[in-house]
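Letter by letter, the chains look like this.
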Amino acid sequence: CNIVVPSGLHARLGIQCAEAGKHVICTKPIDITLEAIDALIAAGERNNVKIAATHQCRDYRIYRRAKQAIDEGRLGRMLYGNVRVPWYRSDEYYSDGWHGTRALDGGGALMNQSIHYIDLLLWMMGKVTCVCGFAEALGHDIEVEDCATASLQFESRAQGMIQGTTCTYRGYEARLGLHGTKGNIMVVGDELMMWDLEGEEILHNPAAGHAGGASDPKSGMVGEAVSAHARQIRDVLLAVEEGREPELNAREARRSVETILAIYRSSETRQFVNLAT
């Protein structure tokens, strides 16, 4: 079963599918609370079915290339990583009855839009151990945030930064920066802007970036996004045949939601929040 309904319904429907003996794929986020995600994971284990999610950016060529470089140690020891998602969404976008609501969207600029790049950051940099953040609605009359900024510390002691919004005038391309002792990788609009690794040819493309989802939420499902979705679904089908866990299983998809919820809690309490070890 491929679940692509409003976010707050993912686990509820996924559990029903699992209880019927069906394997489950949820679009991002896998759900909006850790309690719901954990219940979905338990349903999968109880019924011996696979529970997976789609975070299609992981299967874009540039991000797989960056992940491989990190895993091979070509950036050296990772020092810091950052994501910026300066997108725009209109008031009309939030008028459909579920976007921008706590019950069904679970959050705003982080939980719905920036989660694509937050997932990438965690995939590249590892487990987050502590966050400090601010999240507010600054440009729309909605229940959740349309602007958020957070600082992170990873288990490796590397540092990170997240900034996501849906109220940037006109909207601009998302950016990912990865920085280690032996190199830097910067991606803009899902295109390589800078590849500067020790002993490798420097690649610099100042024109990197395109409109993407910066201001049009319908523009994301084109080109590489479609094939990336297909590859992730294919991996789930192979996981069923081979009796293994999908690459992007429920526990892996849980990580980005856990981090986002910790940012929300930090914003509410005005305190650092430590994540479970």
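Going by the structure above, here's the rest.
Structure report, in brief. None of these values were measured; they are calculated from a predicted model. (Residues numbered from 1 in each chain as written. Predicted model: local features only at pLDDT ≥ 70, side-chain atom pairs only at ≥ 80, totals over all residues. Heavy atoms only, no water.)

### Overview of the overall build of the chain
The criterion, for reference: For the purposes of this entry, the term helix denotes a DSSP run of H or I that reaches at least four residues, the term strand denotes a run of E that reaches at least two, and both are numbered from the N terminus. Throughout, radius of gyration means the C-alpha value; the globule benchmark is 2.2 Å times the number of residues raised to the power 0.38. In what follows, residue pairs with any heavy atoms lying within 4.5 Å of each other are defined as contacts.
Secondary structure assignment for the chain yields six helices and 12 strands. What you see for the chain is a C-alpha radius of gyration of 18 Å, in line with the 19 Å of a compact globule of 277 residues. Principal-axis analysis of the C-alpha atoms places the extent of the chain at approximately 55 × 50 × 40 Å. Long-range pairs, those at least 24 residues apart, make up 67% of the contacts in the chain between residues at least 6 apart in sequence.

### Things to note about the sheet that holds strand 1 (residues 2-3)
Where we set the bar: At least two DSSP bridges between two strands are required for those strands to pair. In this analysis an axis means a line fitted to C-alpha atoms, helices contributing only their contacting stretch, and an angle means the value between N-to-C directions, from 0 to 180 degrees.
Read across the sheet, three strands follow the order 1-2-3 without closing on themselves; strand pairing throughout is parallel. Both edges of this open sheet fall to strand 1 and strand 3 (51-54), since each of them pairs with a single strand only. Pairing of strand 1 with strand 2 (residues 24-27) involves two bridges; the strand directions are parallel. Along strand 2, the bridge assignment pairs asparagine 2 with isoleucine 25. Across the sheet, helix 1 (residues 10-19) is in contact with strand 1, strand 2 and strand 3; its angle to strand 2 comes to roughly 170°. The strands that helix 5 (residues 224-242) touches are strand 1, strand 2 and strand 3; relative to strand 3, the one it contacts most, it runs at about 170°.

### Regarding the sheet that holds strand 5 (residues 128-136)
Through backbone hydrogen bonds, the strands of a sheet pair up, either in parallel or in antiparallel fashion. Spatially, nine strands are ordered 11-10-9-8-4-7-6-5-12 in an open sheet, and the strand pairing comes out mixed. With one partner strand each, in any of the chains shown, strand 11 (203-204) and strand 12 (273-274) form the two edges of the open sheet. Pairing of strand 8 (residues 175-180) with strand 9 (residues 183-188), which is carried by six bridges, proceeds in the antiparallel orientation. When the sheet's bridge partners are listed, leucine 178 is paired in strand 9 with isoleucine 185. The strands touched by helix 4 (residues 109-125) within the sheet are strand 4 (78-86), strand 5, strand 6 (147-154), strand 7 (159-165) and strand 8, with strand 7 carrying the most contacts at an inclination of about 160°.

### Structural notes on the nonpolar core
The condition that has to hold: Grouping buried Ala, Val, Leu, Ile, Met, Phe, Trp, Tyr and Cys residues that are joined through side-chain atoms within 4.5 Å yields what is termed a nonpolar core. Exposed residues in this analysis have more than 50% of their type's maximum accessible area, buried residues have under 20%, and partly exposed residues fall in between, with area computed by a 1.4 Å probe over protein chains only.
Within the largest apolar cluster, 71 residues are counted, with the highest numbers of intra-cluster contacts made by Ile30, Tyr63, Tyr117, Leu121, Leu178 and Ile185. In terms of residues, this core owes the most to one element, helix 4, which gives 11 residues. Not counting the four nearest positions on each side in its chain, tyrosine 117 is found in contact with Cys57, Tyr63, Val83, Val85, Trp87, Ala174 and Asp190.

### Some words on the pairing of strand 2
How we decide: Seen with its strands pointing away from the viewer, a crossover is right-handed if its path from the first strand over the helix to the second goes clockwise.
By the alternation rule, side chains of strand 2 split into Val24 and Cys26 and Ile25 and Thr27, which are all buried. A crossover links strand 1 with its parallel partner strand 2, the connecting element being helix 1, and its sense is right-handed. Where strand 2 lies against strand 3, four bridges are found, and the strand directions are parallel. Along strand 3, the bridge assignment pairs cysteine 26 with alanine 53. Following the chain from strand 2 across helix 2 (residues 34-47) to the adjacent parallel strand 3, one finds a crossover that is right-handed.

### So, the state of the cysteines
Worth spelling out the cut-off: Cysteine sulfur atoms that pair up within 2.5 Å are treated as a disulfide.
For the structure shown, the criterion picks out zero disulfides. A disulfide-free cysteine, cysteine 26 has its sulfur positioned 8.3 Å from the sulfur of cysteine 17, the nearest such atom.

### Details of the environment of glutamine 163
The cut-off we apply is this: Any pair of nitrogen or oxygen atoms within 3.5 Å is treated as a polar contact; in protein, a donor-acceptor pairing is required on top of that, and neighbouring residues in sequence qualify only through side-chain atoms on both sides.
Residue placement: glutamine 163 occurs in strand 7. Note on glutamine 163: relative accessible area 30%, which makes it partly exposed. Along the sequence, glutamine 163 and alanine 66 sit 97 residues apart, while their C-alpha atoms lie 21 Å from each other. Excluding residues that lie within four positions of it along the chain, glutamine 163 makes contacts with Val83, Arg84, Val85, Ala148 and Thr149. One polar contact links glutamine 163 to threonine 149, side chain to side chain, over a distance of 3.0 Å.

### Some thoughts on the packing of helix 4 against helix 6 (residues 250-269)
Here is the rule we go by: For a crossing to be left-handed, the near helix must be turned anticlockwise from the far one by less than a right angle; the clockwise case is right-handed.
At a minimum axis distance of 9 Å, the contact between helix 4 and helix 6 shows a crossing angle of 120°. Seen along the crossing, helix 4 lies across helix 6 with a hand that is right-handed. Here Leu110, Met111, Ile115, Ile118, Asp119, Leu122 and Trp123 of helix 4 lie close against helix 6, whose contacting residues are Glu252, Arg255, Ser256, Val257, Thr259, Ile260, Leu261, Ile263 and Tyr264.

### Quick notes on the side chain of arginine 58
One can find arginine 58 in the loop between strand 3 and helix 3 (61-71). In this structure the side chain of arginine 58 is engaged in a polar contact, spanning 2.8 Å, whose partner is the side chain of aspartate 119. Contacts of arginine 58, omitting those with residues within four sequence positions, involve Arg64, Asp119, Leu120, Trp123, Gln232, Leu248 and Glu252.

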